[in-house]
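Read off the chains here:
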Amino acid sequence: MAENIRMDSHKLIYHPDTVARWLKGENIYPIEIEISPSGACNHRCVFCAVDYMGYKPVFLEKDVILRDIRHMSQRGLKSVICSGEGEPLLNKDMAEIANAIKSYGVDVAMSSNGALFTKEVATECLEAFTWIRFSVASMEESSYNSIQRGKAGDLERVKTNLQDAVRVKRDKELKTTLGVQCLLLPDNMSQLPDMASQLREIGVDYLTVKPYSQHLHSENTFQVDYEAMLELEQELKKFETENFKIYFRANAMKKMHHEKCYRTCWGLPFMTHIDASGNVWPCVAHIGAKEFCYGNIYEQPFEEIWNGSRRVDVVKKLGELDINQVCREACRLDEINKYLDELKNPSGHVNFI
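This text gives an overview of the structure that appears in the document. (Residues numbered from 1 in each chain as written. Predicted model: local features only at pLDDT ≥ 70, side-chain atom pairs only at ≥ 80, totals over all residues. Heavy atoms only, no water.)

Re the overall build of the protein chain
So, point 1. Regarding its fold elements, the protein chain presents 14 helices and ten strands.
So, point 2. Scaling as 2.2 N^0.38, a compact globule of 353 residues should have a C-alpha radius of gyration of about 20 Å, and the protein chain matches this with 20 Å.
So, point 3. Taken over the C-alpha atoms alone, the protein chain extends approximately 50 × 45 × 40 Å along its principal axes.
So, point 4. Each of the 353 residues in the protein chain was classed as buried or not, and the buried ones make up 54%.
So, point 5. For the protein chain, restricting intrachain contacts to residue pairs at least 6 apart in sequence, the fraction spanning at least 24 positions comes to 74%.
So, point 6. For the protein chain, the exposed area adds up to about 16,900 Å²; of that, 47% sits on carbon and sulfur atoms.
So, point 7. The average position of the 43 basic charges and that of the 51 acidic charges among the side chains of the protein chain differ by 3 Å. (Helix = DSSP H or I, 4+ residues; strand = E, 2+ residues; numbered from the N terminus. Rg over C-alpha atoms; globule rule 2.2 N^0.38 Å. Buried < 20%, exposed > 50% of the residue type's maximum accessible area, 1.4 Å probe, protein only. Contact = heavy atoms within 4.5 Å. Areas by Shrake-Rupley, 256 points an atom, 1.4 Å probe, with all protein chains shown as cover. Lys, Arg positive; Asp, Glu negative; His and termini not counted. Charge placed at Lys NZ, Arg CZ, Asp CG, Glu CD.)

Structure follows, in C-alpha cells:
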C-alpha cells in the first residue's frame, strides 16, 4: 500500500494514453471527478475551506448524478470522490450512489467526518469504496470539539465507527483502504503521537497529516509556520508498522508561501467538481464564483456541458489570471501541473534518455 498510494505526488503517469491524447489537443473527458452529495454538514470545522457556501441543505439527486456518471464511465472516467462542501452521508442515497458507481466499473472513494458512518452503513456500502478517509482533528475530546465543532459525543461515535468499519472490512475480506486525515494546526500538533498510537490500535491502514491551505473565499484564516513543525514527521514515523502507515505531507508543507513554477493550470481537463446543486466547476478553488461555472447537470447533461463553448470560455478566462493569486497554495493539481508543464515546455536534451 505505501508504495502505491503516492499520497503527496500524482498518478497521471498511470494514464499515458489520456495524457497523449491531451497533448495532441483532443477534448478528453475527466479521469476523476469530485462530487458533493450534500451541501449540508453536521460539523462546523474551524478550518473549513468552503464555509462561505453556507452549509445549505441541498443534496445531489441520485438519478441525475448517476445518469451522468454512467455516461462518463464510457468516455474515460475512472474515479469519483464523494466529498465537497458538505458531509456526504447526510445524503440519504449515499450508499446507493456509491454502489451504483462501482457497478459502472468506476472506482469510488469518500471523505467524511465519520460521525454518521455506522456499522449498518459500512455493511451496506463499504465494499464499493476503494478508499474511505475520515477527517479527524484530534483523538482528545476537548481539542476535537473545539476544532471540528460537531455534536457532543461525536468523537466517541467516530472511534466506534472506525472500529466497526475495520471489523466489517476484515469479516468480508475487503480491499477497501481505511484512513484518517488530520489537518495540522498548532492546537492539535502535540496530540498527534497519541492519535497515531490510537489509530494503529484500532486497525486503520494509515494516518495522513496535511497542511492548512487558505481558500480564496473562505472566512476562516490561519497563519501556520509549517517549517517549525516538520520535525514531527520523525516522531510520528515511530508508530508505523507493516500494516499501519504514516503519510506526513512534508512536501506540501514546504510548498506553502512559495510561488508556483508554472503559469497555466494544465490539469483542468483531467478532473472536475460537481457541487450539491449540480453546478460543474473547474475545481474546488472556484466553487461559488458564477463566472467560472461550466454549467449545471439539472439543466444540461454533463456531455453537453463538457463539450460546450462555455467551458472553453471559462478555461480561457482562468488562463488569463495570475495562478499565484487565485489558486490555493497546496492545490491538489499542483504536482499534476508540474508534470504537464514539463511535457508542454520540455527543456533541452530530452532525447538523451
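Still more ground to cover, so stick around.
Observations regarding unusual backbone geometry
So, point 1. Positive phi is not limited to glycine here, since E173 has a value of about 55°.
So, point 2. Secondary-structure assignment places E173 in the loop between α7 (154-172) and β5 (177-183).
So, point 3. Positive phi outside glycine occurs at H349, with the angle close to 70°.
So, point 4. You can see H349 is positioned in the segment after α14 (334-344).

Re the layout of surface pockets
So, point 1. Counted as a void, the second largest pocket has a volume near 540 Å³.
So, point 2. Residue lining of the second largest pocket: 28 residues in total, with C265, L268, P269, R311 and V315 positioned closest to the centre.
So, point 3. Those elements that provide at least two residues to the lining of the second largest pocket are α11 (302-307), α12 (309-319) and α13 (323-326).
So, point 4. It is α12 that provides the largest number of residues to the lining of the second largest pocket, a total of six residues.
So, point 5. Here the residues of the lining of the second largest pocket are counted per class, giving 17 nonpolar, seven polar and four charged. (1 Å grid on protein atoms, 1.4 Å probe; cavity = no way out; pocket = protein on both sides within 12 Å on 5 of 7 lines; lining within 4 Å. Points joined across faces, edges and corners; volume = space filled by probe spheres on them. Nonpolar A, V, L, I, M, F, W, Y, C, P; charged D, E, K, R; others polar.)

Looking at the pattern of salt bridges
So, point 1. Per the counting criterion, the structure on display carries 17 salt bridges.
So, point 2. Among the ionic pairs, E34 bridges to R332, the shortest N-O distance being 3.0 Å. Taken as a pair, E34 in strand β1 (residues 32-35) and R332 in the loop between α13 and α14 lie far apart in primary sequence, 298 residues in all.
So, point 3. Owing to a relative accessible area of 7%, E34 belongs among the buried residues under this scheme.
So, point 4. Residue E335 pairs with K338 through a salt bridge whose shortest N-O separation is 3.5 Å. Taken together, the residues span about one helical turn, with E335 and K338 both in helix α14 at a distance of three residues. (Salt bridge = Lys/Arg side-chain N within 4 Å of Asp/Glu carboxyl O.)

Focus: the side chain of N296
So, point 1. Here N296 is to be found in strand β10 (residues 295-296).
So, point 2. Owing to a relative accessible area of 8%, N296 belongs among the buried residues under this scheme.
So, point 3. Beyond its immediate stretch of four places on either side in the chain, N296 contacts S277, G278, N279 and I305.

Digging into helix α3 (residues 62-73)
So, point 1. With twelve residues, α3 should reach 16 Å at 1.5 Å per residue; the first-to-last C-alpha distance of 16 Å fits that figure.
So, point 2. Where α3 is buried, its residues contact β1, β2 (79-82), α4 (94-103), β8 (271-274) and α11. (Expected span 1.5 Å × (residues − 1).)

So, the packing of helix α2 (residues 16-23) against α14
So, point 1. Where α2 contacts α14, the axes come no closer than 11 Å and their chain directions differ by 50°. On the basis of their axis angle, the class for α2 and α14 is oblique. Considering how the two elements wind past one another, α2 and α14 form a crossing that is right-handed. Residues V19, W22 and L23 of α2 form the contact with α14, whose own contacting residues are L340, L343 and K344.
So, point 2. Each residue belonging to the contact of α2 with α14 can be placed in one class, and the counts come to five nonpolar, no polar and one charged. (Axes fitted to C-alpha atoms, helices over the stretch in contact; angles between N-to-C directions. Parallel < 35°, antiparallel > 145°, perpendicular 65-115°, else oblique. Left-handed = near helix turned anticlockwise from the far one by under 90°.)

Comments concerning a nonpolar patch on the surface
So, point 1. A cluster of nonpolar side chains, F59, L90 and L116, forms an exposed patch at the surface whose accessible area comes to about 210 Å².
So, point 2. When you line up the elements, L90 lands in the loop between β2 and α4. (Patch = residues over 30% accessible without salt bridge, like charges linked within 9 Å, V, L, I, M, F, W, Y side chains within 5 Å.)

Points about the packing of aromatic side chains
So, point 1. Under the defined criterion, the tally for this structure stands at eight aromatic pairs.
So, point 2. Judged by centre distance (6.0 Å) and plane angle (80°), the rings of Y294 and W306 are edge-to-face. With Y294 in the loop between β9 (279-281) and β10 and W306 in helix α11, this residue pair connects regions lying twelve residues apart in the sequence. The same class applies to Y294 as to W306, namely buried.
So, point 3. Through a chain of ring-to-ring contacts, three or more aromatic side chains come together here, namely Y29, Y294, F302 and W306. (Phe/Tyr/Trp six-rings, centres within 6.5 Å; stacked < 30°, edge-to-face > 60°.)

Remarks on the side chain of D68
So, point 1. With respect to the helices, strands and loops of the structure, D68 is situated in helix α3.
So, point 2. Judged by its relative accessible area of 3%, D68 is buried.
So, point 3. A distance of 3.0 Å separates the side chain of D68 from the side chain of R67, its partner in a polar contact. (Polar contact = N/O pair within 3.5 Å; in protein donor to acceptor, adjacent residues only side chain to side chain.)

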